[in-house]
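One-letter residues, chain by chain:
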Amino acid sequence: MALLIKNGRIVTSTDELEADIYCDGETITRIAPRIDLPSTVDVETIDAAGKFVFPGFIDPHVHIHLPFMGTYAKDTYESASKAALAGGTTTLIEMCCPSRTEEPLEAFELWCSKAVGLAACDYTFHMGVTRFDASTEQQFRAIVNQGISSFKIFLAYKGAFGIDDTELYHTLMLAKELGVIVTAHCENETAVFERQQALLTAGQTGPEYHEPSRPPLVEAEGVHHLMTFAQLTGAHIYVVHTSCDEAIQAAQAARYHGVSAWMETVVPYLVLDKRYAEQPEFEGAKYVMSPPLRDVRHQVVLWDAIRSRLISTVATDHAPFDFRGQKEMGRNDFTKIPNGIPSVEDRVNLLYTYGVNKGRIDRNTLVDSASTQAAKLFGLYPRKGTIQLGSDADLVVYDPDYRGTISAATQQMDVDYSAFEGWPIEGRPSVVTVRGQVQVRDGQFTGTLGRGQLLTREPTHF
Ligand SMILES: [Zn+2]
């Protein structure tokens with residue numbers, strides 16, 4: 001059935017206009033000040049008066065299937081994609097993260113198998129390069145040929161996902177050759193390891209010591225390290241989850257010298273700070289992720305960097321681990337607390353409430369950072385990331401008058417806590433569509449599981 005969205009205020013990364021949107025099948029086919037259809041046309045009409053119409057939001061950094069630190073992240077594609085959609089996110093880019101002993105092609109097929117037939121929103125993957133040698137290189141070439149045009153590397157997590165400098169160099173050379181952008185977790189793994197050991201030896205075992213074990217300098221060193229290798233190889237790089245002033249400055253300095261580098265931050269850093277991880281009774285474990293939550297002074301820098309579009313994207317690094325039974329694995333040793341703050345469901349509402357409504361960013365920047373830039377950087381634009389003729393009809397009718405609170409009791413993410421428990425939100429998607437079909441109404445999933453498609457992406461030949 002066709003879809004007509006009437007009377008809304010369309011917001012893209014650059015413009016706003018009052019217009020109706022007509023979607024024939026899966027695609028936007030008409031945008032006009034007023035579209036009236038003959039009554040013979042079979043169409044679902046949504047009245048968006050008083051509401052904004054945003055392009056479907058894209059979260060370019062999530063974990064769903066994630067074997068990590070001796071356990072598995074909680075979500076399946078069912079819970080994660082329902083949660084994403086409830087919060088206005090219509091495309092997920094998941095990190096495919098094999099261990100160093102797994103074969104990349106087998107891992108890629110495994111990750112795909114978790115999504116196919118279950119995902120309610122569209123999805124694609126950044127392919128994790130966690131081991132680089134002659135054998136895996138051939139497999140990465142094959143994976144790129146299957147439509148995966150971005151890699152993920154870790155300069156952290158020694159012995160688990162982390163690669164050494166020889167592998168880093170050759171991964172970037174391959175990426176440059178193939179036109180693949182490399183996303184990277186930047187922290188100096190040796191410095192982290194040594195500081196962790198020193199803290200534990202001193203009996204400093206609680207979650208409040210997670211941040212001191214990997215301070216801003218450790219992240220900035222990782223960024224600078226990556227920038228150096230990118231400058232030497234000419235590869236295009238994307239720093240994931242940038243958390244602090246020092247890391248931003250390291251990337252900015254490289255950009256000034258011509259390095260093709262982009263930055264992502266994630267929503268927890270914008271609204272939470274390290275005091276949350278310092279709460280007593282192990283409560284702080286809910287707030288352990290890497291890089292860690294920082295001193296509150298970094299929030300101002302991050303918001304300003306988004307507003308000036310120095311930081312391109314706001315993702316989540318969604319990685320849900322229950323407090324009971326999973327975070328608790330690190331009760332006597334903060335290095336054993338599974339890392340992650342679940343937020344795929346809350347990202348857009350938090351950005352709207354604490355960014356747009358607080359005057360930190362405008363609505364165009366919200367769309368740019370949470371949708372358009374991810375589409376452009378990762379080969380999805382203009383199919384995704386904007387509202388224009390020919391784009392997929394992934395649309396978010398957003399109600400700015402909604403008032404509610406975030407709670408684990410009502411969330412769709414499959415995890416036993418919310419890092420934002422009781423927080424007020426001012427605004428919520430009232431209707432969310434995926435390629436022309438309504439999947440969410442008023443926060444509730446009303447659509448079809450398995451509707452989501454794997455999005456294949458062409459390399460960019462730069
Ligand atoms: Zn991540």
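A few points on the structure. (Residues numbered from 1 in each chain as written. Predicted model: local features only at pLDDT ≥ 70, side-chain atom pairs only at ≥ 80, totals over all residues. Heavy atoms only, no water.)

## Structural notes on the overall build of the chain
Within the chain, the secondary structure is distributed over 12 helices and 19 strands. On C-alpha atoms alone, the chain measures out to a radius of gyration of 21 Å, which is about the 23 Å that the 2.2 N^0.38 rule sets for 462 residues. Going through the 462 residues of the chain one by one, you find that 61% of them count as buried. For the chain, the share of sequence-separated contacts (at least 6 apart) that also reach a separation of at least 24 residues comes to 76%. Accessible surface, the chain as shown: approximately 16,400 Å² in total, 49% of it carbon and sulfur. Counting 41 positive and 59 negative side-chain charges, the chain places the averaged centre of each group 3 Å from the other. (Helix = DSSP H or I, 4+ residues; strand = E, 2+ residues; numbered from the N terminus. Rg over C-alpha atoms; globule rule 2.2 N^0.38 Å. Buried < 20%, exposed > 50% of the residue type's maximum accessible area, 1.4 Å probe, protein only. Contact = heavy atoms within 4.5 Å. Areas by Shrake-Rupley, 256 points an atom, 1.4 Å probe, with all protein chains shown as cover. Lys, Arg positive; Asp, Glu negative; His and termini not counted. Charge placed at Lys NZ, Arg CZ, Asp CG, Glu CD.)

## Things to note about the packing of aromatic side chains
For the structure on display, the rule yields 23 aromatic pairs. Ring centres of Y238 and F378 lie 4.9 Å apart, and the angle between their planes is 75 degrees; on these two criteria the pair is classed as edge-to-face. Separated by 140 residues along the polypeptide, Y238 in strand β13 (residues 237-239) and F378 in the loop between α12 (363-377) and β16 (395-405) bring together distant segments of the chain. In this structure, Y238 and F378 share a single accessibility class: buried. Look at Y354 and W423: their rings are 5.5 Å apart centre to centre, the planes differ by 65 degrees, and that puts the pair in the edge-to-face class. (Phe/Tyr/Trp six-rings, centres within 6.5 Å; stacked < 30°, edge-to-face > 60°.)

## Looking at the pattern of salt bridges
Overall, the coordinates contain 33 salt bridges when judged by the stated rule. For K82, the salt bridge goes to E78, with nearest N and O atoms at 3.1 Å. Note that K82 and E78 are positioned in helix α1 (residues 77-86) at a spacing of four residues, about one turn of the helix. What makes E78 partly exposed here is its relative accessible area of 29%. (Salt bridge = Lys/Arg side-chain N within 4 Å of Asp/Glu carboxyl O.)

## Details of helix α10 (residues 297-307)
What α10 keeps buried is the set H298, Q299, L302, W303, A305 and I306. Seen from one end, α10 has its buried residues packed into an arc of 160 degrees, which puts them on one side. One or two residues past the end of α10 sits R309, with phi positive at roughly 65 degrees. (Arc of directions from axis to C-beta.)

## Looking at the nonpolar core
If you look at the biggest cluster of nonpolar residues, it comprises 133 residues, and the most contacted ones within it are F54 and F151. In contact with F54, not counting residues within four places along its chain, are V11, Y352, L366, V367, I387, D394, L395, V396 and Y398. Core analysis: the second largest hydrophobic core is formed by 16 residues, L3, I5, I10 and V431 among them. (Core = buried A, V, L, I, M, F, W, Y, C linked by side-chain atoms within 4.5 Å.)

## Looking at the packing of helix α11 (residues 347-356) against α12
Two elements in contact, α11 and α12, have axes whose closest approach is 11 Å; the angle formed by their N-to-C orientations is 150 degrees. Between α11 and α12 lies a crossing of right-handed hand. Two secondary-structure elements touch here, α11 through R347, L351, Y352 and V356 and α12 through R363, L366 and A370. Class assignment of the residues belonging to the contact of α11 with α12 gives a composition of five nonpolar, no polar and two charged. (Axes fitted to C-alpha atoms, helices over the stretch in contact; angles between N-to-C directions. Left-handed = near helix turned anticlockwise from the far one by under 90°. Nonpolar A, V, L, I, M, F, W, Y, C, P; charged D, E, K, R; others polar.)

## Regarding the coordination of the zinc ion
Looking at the zinc ion, one finds its protein donor set to be H61 (NE2), H63 (NE2) and D317 (OD), positioned 2.1 Å from the metal centre. When the donors of the zinc ion are listed by position in the chain, the intervening gaps give H-x1-H-x253-D. A single burial state applies to H61 and to H63, both of which are buried. (Donors = N, O, S within 2.8 Å, 3.2 Å for Na, K, Ca; no water.)

## As for the side chain of S150
Note on placement: S150 falls in strand β11 (residues 150-154). Judged by its relative accessible area of 0%, S150 is buried.

## Some remarks on the environment of E137
If you trace the backbone, E137 turns up in helix α3 (residues 134-145). The spatial distance from the C-alpha of E137 to the C-alpha of P320 is 31 Å, given a sequence separation of 183 residues. The contact partners of E137, leaving out residues within four places of it in the chain, are F132 and L174.

## Quick word on empty space enclosed by the protein
Enumeration over the complete set of coordinates arrives at four cavities of 30 Å³ or more. The calculated volume of the largest cavity comes to roughly 120 Å³. H63, F68, Y157, D317 and N339 are the residues nearest the centre of the largest cavity, which is lined by 14 residues in total. The residue makeup of the lining of the largest cavity, split by class, is six nonpolar, six polar and two charged. (1 Å grid on protein atoms, 1.4 Å probe; cavity = no way out; pocket = protein on both sides within 12 Å on 5 of 7 lines; lining within 4 Å. Points joined across faces, edges and corners; volume = space filled by probe spheres on them.)

## Thoughts on the sheet that holds strand β12 (residues 181-185)
Read from one edge to the other, the open sheet built from eight strands follows the order β6-β9-β10-β11-β12-β13-β14-β15, with strand pairing classed as parallel. In the strand order of this sheet, the two ends are held by β6 (57-62) and β15 (313-315), each with one partner. Strand-to-strand, the axes of this sheet are offset by a mean angle of 30 degrees, without reference to chain direction. Bridging between β6 and strand β9 (residues 89-96) involves four bridges; their strand directions are parallel. When the bridges of β9 are listed, V62 appears paired with E94. Its contacts with the sheet put α1 on β9 and β10 (122-128), and the angle it makes with β9 is roughly 140 degrees. (Pairing = 2+ DSSP bridges.)

## Brief notes about helix α8 (residues 245-256)
With 12 residues, α8 ought to run about 16 Å at 1.5 Å a step, and its terminal C-alpha atoms sit 16 Å apart, in line with that. Among all positions in α8, only D245, A247, I248, A250, A251 and A254 are buried. Looking at the buried residues of α8, the elements they touch are α7 (216-233), β14 (261-266) and α10. Looking one or two residues past α8, G258 carries a phi angle of roughly 95 degrees, positive in sign. (Expected span 1.5 Å × (residues − 1).)

Geometric descriptors of this kind do not, in isolation, establish any biological role.
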